[in-house]
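# Chain and residue survey
Read off the chains here:
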Amino acid sequence: MINSAYALINLSAIEHNIAKVKEYAPQAKIMAVIKANAYGHGLLTVVKALAEVDAVAVARISEGIRLRNAGFKDRVLILEGFVSVQELEDLIIYDLEAVIHSWEQIEVLKAYQAKQKLSVWLKLDSGMNRLGLKVKEFSAAYQQLQSCHSVNQPISLMTHLSSADDVNSDVTVQQISRFNDVVNEYPDDKSIANSAGLLAWPDSITDWVRPGIMLYGVSPFQDKNGKEFGLKPVMSFFSRLLAVKDIAIGDSVGYAGTWVCQKPTKLGVIAIGYGDGYPRYAKPGTPVLVNGQRVSLVGRVSMDMITVDLTSESKAKAGDPVTLWGEGLAVEEIAHYSDTIPYTLLCGVTQRVEMRTK
Ligand SMILES: *Cc1c(COP(=O)(O)O)cnc(C)c1O
């Protein structure tokens, strides 16, 4: 059986991108962020290319357990931590580390009776106002964790940047200095930088860096592609042409007939749609590669199909290969045409799409 739509994951591109991380942060330890099924690339596929990193991070305990059940032995940080004693037990059983971001978690740890200990990363809320202890609470939380019988020492310290992808904003400088002011006196390992921090804010590079999107070859910045940083795309998203037909002036194409033919047009119908994770809101003009040549999306994206203007590719025929994004067509560009960010496109590839590895 040939699957129309498939995503090809290039493991050597991940290794290349990790080498780039090391160029930007030669002294730092690397925590590879592989949450959300490794940004849609396949958790257990991506870890095969992570020999050169020092730890990985996922959002949820279930993701960490999946790694352990697959035999993954390296350090795993759970970015969302835990909310209950049952979850704390899971963390300990599976040897997972946890972000501590609230007093409730510290209370659970203090009340925990077993002998086993948890490794923790205390998180400062330096301005994002999502997870983390406030500046004025931090030293008290730190002391409690230091004296807590169920916590491995030493602990590690972290914060998360809210606006590092905006190189004109002064928020990042403020967040970095707020974090440094609070943690300066502590000797422990510290971590600030996500991909945008690594690439644009050298002062955010500390003991540990936490790259996510750049490992997949993609830029965190709206106006730049991964290529401009020497990154290589890891996921290429492919399908094929189903039909080629002639459309006359005045004919409309697709649901609601939003695209009306202005000149005699060769139309291509491609087996990809929002049921595969191709964005429903991709605008007319969004580039698609047919036989490696750029053509433009016309009409609305359906669940299983899209339509493109093939007039410039008169030899194209049913069965010919199509690239939706990846090598030769940056996912950043497709995100731009869909008013979204590449993260959502990568995470959004659906179960129907066959995942292959090279
Ligand atoms: C997702 C995440 C990262 C990685 O972010 P990228 O923008 O993909 O590099 C780093 N740290 C935390 C806490 C995260 O949630």
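Report follows, based on the coordinates. (Residues numbered from 1 in each chain as written. Predicted model: local features only at pLDDT ≥ 70, side-chain atom pairs only at ≥ 80, totals over all residues. Heavy atoms only, no water.)

Right, let's get into unusual backbone geometry. The omega torsion of the bond from Gln153 to Pro154 falls at -5°, within 30 degrees of zero and hence cis. One non-glycine residue with positive phi stands out, namely Ala36, at about 50°. Take Ala36: it is sitting in helix 2 (residues 35–39). (Helix = DSSP H or I, 4+ residues; strand = E, 2+ residues; numbered from the N terminus.)

For the structure shown, the criterion picks out seven aromatic pairs. Between Tyr142 and Tyr186 the ring centres are 3.8 Å apart and the planes differ by 20°, which places this aromatic pair in the stacked class. Highlighted residues: Tyr142 in helix 7 (residues 135–146) and Tyr186 in the loop between helix 8 (171–183) and strand 8 (190–191), separated in sequence by 44 residues. No difference in accessibility class separates Tyr142 from Tyr186, as the two residues are buried. Counting every residue linked through ring pairs, the aromatic cluster contains Tyr39, Tyr216 and Tyr343. One Lys or Arg, Arg356, reaches over the ring of Tyr6 and ends 3.7 Å from the middle of that ring. (Phe/Tyr/Trp six-rings, centres within 6.5 Å; stacked < 30°, edge-to-face > 60°. Buried < 20%, exposed > 50% of the residue type's maximum accessible area, 1.4 Å probe, protein only. Lys NZ or Arg CZ within 6 Å of the ring centre and 35° of its normal.)

Surveying the vicinity of the ligand reveals the residues Val33, Lys35, Tyr39, Leu79, His160, Asn194, Ser195, Arg210, Pro211, Gly212, Ile213 and Tyr343. At 2.7 Å from an oxygen atom of the ligand is found a side-chain nitrogen or oxygen belonging to Lys35. Arg210 places a side-chain nitrogen or oxygen 3.0 Å from a nitrogen atom of the ligand. Taken by itself the ligand offers 390 Å² of open surface, and the protein chains cover 92% of this. Of the residues contributing to the shell around the ligand, the split by class is six nonpolar, four polar and two charged. (Near = heavy atom within 4 Å. Polar contact = N/O pair within 3.5 Å; in protein donor to acceptor, adjacent residues only side chain to side chain. Areas by Shrake-Rupley, 256 points an atom, 1.4 Å probe, with all protein chains shown as cover. Nonpolar A, V, L, I, M, F, W, Y, C, P; charged D, E, K, R; others polar.)

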